[in-house]
Amino acid sequence: MEASEIDLVEKSQQGNIEAFEKLISFYQKKVFNIAFRMMGNQDDASDIAQEVFIKIYKSIGSFKKQSAFSTWVYKITINTCRDELRKQKNKRNTISLDQSICLEDNEVERQIQSNDPTPELVAEKRETGKLIKEAIFNLSDEYKEVVILRDIQGFSYSDIAKILNCPEGTVKSRINRARSMLKDILKGKMELWDRNSVK
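Thresholds, definitions, all that
Residues numbered from 1 in each chain as written. Predicted model: local features only at pLDDT ≥ 70, side-chain atom pairs only at ≥ 80, totals over all residues. Heavy atoms only, no water. pLDDT = per-residue confidence, 0-100. Contact = heavy atoms within 4.5 Å. Phe/Tyr/Trp six-rings, centres within 6.5 Å; stacked < 30°, edge-to-face > 60°. Buried < 20%, exposed > 50% of the residue type's maximum accessible area, 1.4 Å probe, protein only. Lys NZ or Arg CZ within 6 Å of the ring centre and 35° of its normal. Axes fitted to C-alpha atoms, helices over the stretch in contact; angles between N-to-C directions. Helix = DSSP H or I, 4+ residues; strand = E, 2+ residues; numbered from the N terminus. Parallel < 35°, antiparallel > 145°, perpendicular 65-115°, else oblique. Left-handed = near helix turned anticlockwise from the far one by under 90°. Nonpolar A, V, L, I, M, F, W, Y, C, P; charged D, E, K, R; others polar. Expected span 1.5 Å × (residues − 1). Arc of directions from axis to C-beta. Polar contact = N/O pair within 3.5 Å; in protein donor to acceptor, adjacent residues only side chain to side chain.

(A) Geometry of the confidence of the model for the protein. Of the residues in the protein, 73% have a pLDDT of 70 or more, and the chain-wide mean is 81. Here residues 92-116 is a poorly scored stretch, pLDDT under 50, and it has 46 contacts once near neighbours within four places are set aside; other chains count.

(B) The arrangement of the packing of aromatic side chains in detail. Tallied over the entire structure, the rule returns eight aromatic pairs. Both rings, one in Phe 63 and one in Phe 69, keep their centres 5.3 Å apart while their planes meet at 80°; by these two values the pair is edge-to-face. Across this residue pair, the class does not change: Phe 63 and Phe 69 are buried. Through a chain of ring-to-ring contacts, three or more aromatic side chains come together here, namely Tyr 27, Phe 63, Phe 69, Trp 72, Tyr 74 and Phe 155. In this structure, Arg 150 is placed above the aromatic ring of Tyr 157, and the distance from its NZ or CZ to the ring centre is 4.2 Å. We note Lys 172 situated over the ring of Tyr 157; from NZ or CZ to the ring centre the distance is 5.3 Å.

(C) Representation of the packing of helix H3 (residues 28-39) against helix H5 (residues 69-88) within the structure. For the pair H3 and H5, interaxial distance at closest approach is 10 Å and the crossing angle is 30°. Classified by the angle their axes make, H3 and H5 are roughly parallel. Crossing angle aside, the handedness with which H3 passes H5 is right-handed. The segment H3 lies against H5, with Lys 30, Val 31, Ile 34, Ala 35, Met 38 and Met 39 engaging Val 73, Tyr 74, Thr 77, Ile 78, Cys 81, Glu 84, Leu 85 and Gln 88. Tallied by class, residues from the contact of H3 with H5 come to ten nonpolar, two polar and two charged.

(D) Spotlight on H3. Counted at 1.5 Å a residue, the expected span for H3 with its twelve residues is 16 Å, and the 16 Å between its end C-alpha atoms agrees. Regarding H3, the residues found buried are Val 31, Asn 33, Ile 34, Ala 35, Phe 36, Arg 37, Met 38 and Met 39.

(E) Representation of unusual backbone geometry. Non-glycine residue Asn 165 carries a positive phi angle of around 55°. The residue Asn 165 is located in the loop between helix H8 (157-164) and helix H9 (168-198) in this model. Assessed through its relative accessible area of 64%, Asn 165 is described here as exposed.

(F) Here's a closer look at helix H2 (residues 17-25). The complete set of buried residues in H2 reads Ala 19, Phe 20, Leu 23 and Ile 24. In a view along the axis of H2, the buried residues occupy a sector of 130°, so they form one face of it. Those residues of H2 that are exposed and aimed more than 90 degrees away from the buried face are Glu 18 and Glu 21. By the N-cap criterion, in which a side-chain oxygen at the helix start approaches the backbone nitrogen of a residue two or three places on, H2 is capped by Asn 16, the distance to Glu 18 being 3.1 Å.

(G) Seen up close, the packing of H3 against helix H7 (residues 141-152). The contact between H3 and H7 brings their axes to 10 Å, and the two run at 140°. Comparing the axis directions of H3 and H7 gives the class oblique. Every pair of crossing elements has a handedness; the one defined by H3 and H7 is right-handed. When H3 is examined against H7, the residues Ile 34, Arg 37 and Met 38 are found in contact with a partner set consisting of Lys 144, Glu 145, Ile 148, Leu 149 and Ile 152. The class makeup of the residues in the contact of H3 with H7 is five nonpolar, no polar and three charged.

See below:
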């Protein structure tokens, strides 16, 4: 942790509300983005983010500084998403392809490269981005988590292992499996889209 963050954590543990609010401001966007990717909609993501910060406020006194504060925050985020997804298991809906989604730093678009931005290619790029987001959302939770943390949020294998509390080898195995599954899903969806585009 940076010295300023350590200071904010210590002040927060002493009950300094201003320090806590400043500390949390560093993580609001990323916590929301992780929750959004896990849950698939902004309302649930907002609720999750609010719940995460309430949990952090209530339990920050138990943070021992044995790991990075960020790792602790993202572990709480993932666990809160898991709990909510379990509750919603029987009523989960597929994410709408028409849903407007704001991407941080062109997260998904950077995976779709185009040298000639004609209207046709722009439309294809947008459609491909939607298909990728839908495919990720519909992975099982253990695979969705690693793809979000690694390929979208850019965490290292080591950090992901700490966040998910599992061996680094397990993380790598899950990522490889998830990418393979996404490749198969997207291949089928793109073939279907191509056939529909021809009609």
